[in-house]
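Here is what each chain is made of, one letter per residue.
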Amino acid sequence: MATVQKHLQQARHNESLLQKLSSTEFPDWYGTIAFYSAIHYVEALFRHFGASSHDHRQREYLLKESYPAIFKQYRPLLNWSMTARYDCSKMKHEGVKADLVDARLPRLKQLIEDQGLKIA
Amino acid sequence: MSDSTRSGIQPLHLNSGDKREVVVTPADQDRFVLSAKAAANACKSAVDRELEEKEWQEYFKNFLNSIVQWADNWEFKSELSRILVAPCDAGLNLTIVTPKSGHQYQIEDSLTNLELDLFAKYPKCILRIVQLPELPTESLDAFFKVETSIQLYGDSPETPPASAA
């Protein structure tokens, strides 16, 4: 099981890829990478409090139960990544950067920091 | 407890403390014997199970009705084409199908609030809400089994949209 630091390292690693990727050229992957960054921030939070999740559904359950404010930022990222991966129609780029990457991901990180986990 | 029954016929008494064995002849005539205590326990479990099933059916019906009510009063009703609910390995998928193509960012907070409300009110119904644009059945099948889904709201498209190239 990965440690808090390992999860944070992976979250930052995923996030750094966003700097190198064009949101207009690859909106599907852009949003999906943001989601996989969010997953690791959330898992770091769980580990910080001695918990962990072993699949998506369990993670969603724990968030809804204990961190609903974080879930509010997390679920739209999850929805986007699911649609982008399984719906083969072209995902439009409008909104992916402004809504998911520039708004929801930073809010999610802030809410995790508010729980006492320093992630910056 | 009174001995009278709805049929007026004298009832059989099965006392858990009775030392005698009970011979049971089920409908398939495969007769078996068990202690009075085991027979009484089996009857009690069957009655409890029946009650639980009725309670669950009522619970699930209320759960589905609350989603329909939500849809009727939803501020983004114009963004709603239909609602489908489908079982999956880990619970239920609730799919909000939107009439427009692409992702509708403006409805996400509202959908998250619905998911949190349903989680609080119906914790036995493990649920994930996903928004999708109207897609052909074979594309929807990537998300949930359309065949086993229930359409809770809206009309099925008369002409399914063409498959994405």
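1. Things to note about the pattern of salt bridges
Proximity of charged atoms lets side chains of opposite charge pair with each other.
So, point 1. By the definition in use, this model includes 13 salt bridges over all chains.
So, point 2. Ionic pairing is found between E60 of chain A and R128 of chain B, a salt bridge with its closest N-O pair at 2.5 Å. Linking E60 of chain A in helix α3 (residues 56–66) with R128 of chain B in strand β5 (residues 127–133), this pair reaches from one chain into another.
So, point 3. Residue classification places R128 of chain B among the buried residues on the basis of a relative accessible area of 10%.
So, point 4. Among the ionic pairs, K100 of chain B bridges to E79 of chain B, the shortest N-O distance being 3.2 Å. Highlighted residues: K100 of chain B in the loop between β4 (91–98) and α2 (108–121) and E79 of chain B in the loop between α1 (36–73) and β3 (82–88), separated in sequence by 21 residues.
So, point 5. When salt bridges with common partners are traced through the structure, they connect D99 and R104 of chain A together with D109 of chain B into a single cluster.

2. Some points on the interface of chain B and chain A
So, point 1. At the interface, 27 residues of chain B touch 27 residues of chain A.
So, point 2. Regarding the contact of chain B and chain A, the summed buried area is about 2,400 Å², with carbon and sulfur atoms giving 57% of it.
So, point 3. Area buried by chain B at its contact with chain A is led by Y105, F119 and R128 of chain B, which between them contribute 29% of it.
So, point 4. Taken together, the connections running from chain B to chain A amount to 4 salt bridges.
So, point 5. R104 of chain A serves as the salt-bridge partner of D109 of chain B, at 3.0 Å between the closest nitrogen and oxygen.
So, point 6. Summed over the shared surface of chain B and chain A, the result is 12 residue pairs in polar contact (both at pLDDT 80 or more).
So, point 7. Elements represented by at least two residues in the side of chain B that touches chain A include exactly β4, α2 and β5 of chain B.
So, point 8. If you tally residues by element for the side of chain B that touches chain A, the top one is α2 of chain B, at 8 residues.

3. Section: the side chain of R57 of chain A
So, point 1. Relative to the assigned elements, R57 of chain A resides in helix α3.
So, point 2. One buried charge, R57 of chain A, has no salt-bridge partner; the nearest side chain with opposite charge is E60 of chain A, at 4.8 Å.
So, point 3. Here L92 of chain B takes part through its backbone oxygen, which lies 3.3 Å from a polar atom of the side chain of R57 of chain A.

4. Things to note about helix α2 (residues 27–48) of chain A
Residue and element names in this part refer to chain A.
So, point 1. With 22 residues, α2 extends 32 Å from end C-alpha to end C-alpha; this agrees with the ideal 32 Å at 1.5 Å per step.
So, point 2. By the criterion of burial, α2 is predominantly enclosed, with 17 of the 22 residues buried.
So, point 3. Positive phi shows up at G50, right after α2, with a value of about 80°.

5. Details of the pairing of β5 of chain B
All names here are of chain B.
So, point 1. Summarising burial for β5: 7 of the 7 residues are buried, a large majority.
So, point 2. Alternating positions in β5 separate into two faces, L127, I129, Q131 and P133 on one and R128, V130 and L132 on the other, with burial throughout.
So, point 3. Judged from the 7 bridges that link them, β4 and β5 form a sheet pairing that is parallel. In the sheet register, I96 faces β5, and the bridge partner there is Q131.

Criteria and cut-off values
Residues numbered from 1 in each chain as written. Chains lettered and ligands numbered in written order. Predicted model: local features only at pLDDT ≥ 70, side-chain atom pairs only at ≥ 80, totals over all residues. Heavy atoms only, no water. Salt bridge = Lys/Arg side-chain N within 4 Å of Asp/Glu carboxyl O. Helix = DSSP H or I, 4+ residues; strand = E, 2+ residues; numbered from the N terminus. Buried < 20%, exposed > 50% of the residue type's maximum accessible area, 1.4 Å probe, protein only. Contact = heavy atoms within 4.5 Å. Buried area = accessible area lost by both parts, 1.4 Å probe. Polar contact = N/O pair within 3.5 Å; in protein donor to acceptor, adjacent residues only side chain to side chain. Lys, Arg positive; Asp, Glu negative; His and termini not counted. Expected span 1.5 Å × (residues − 1). Pairing = 2+ DSSP bridges.

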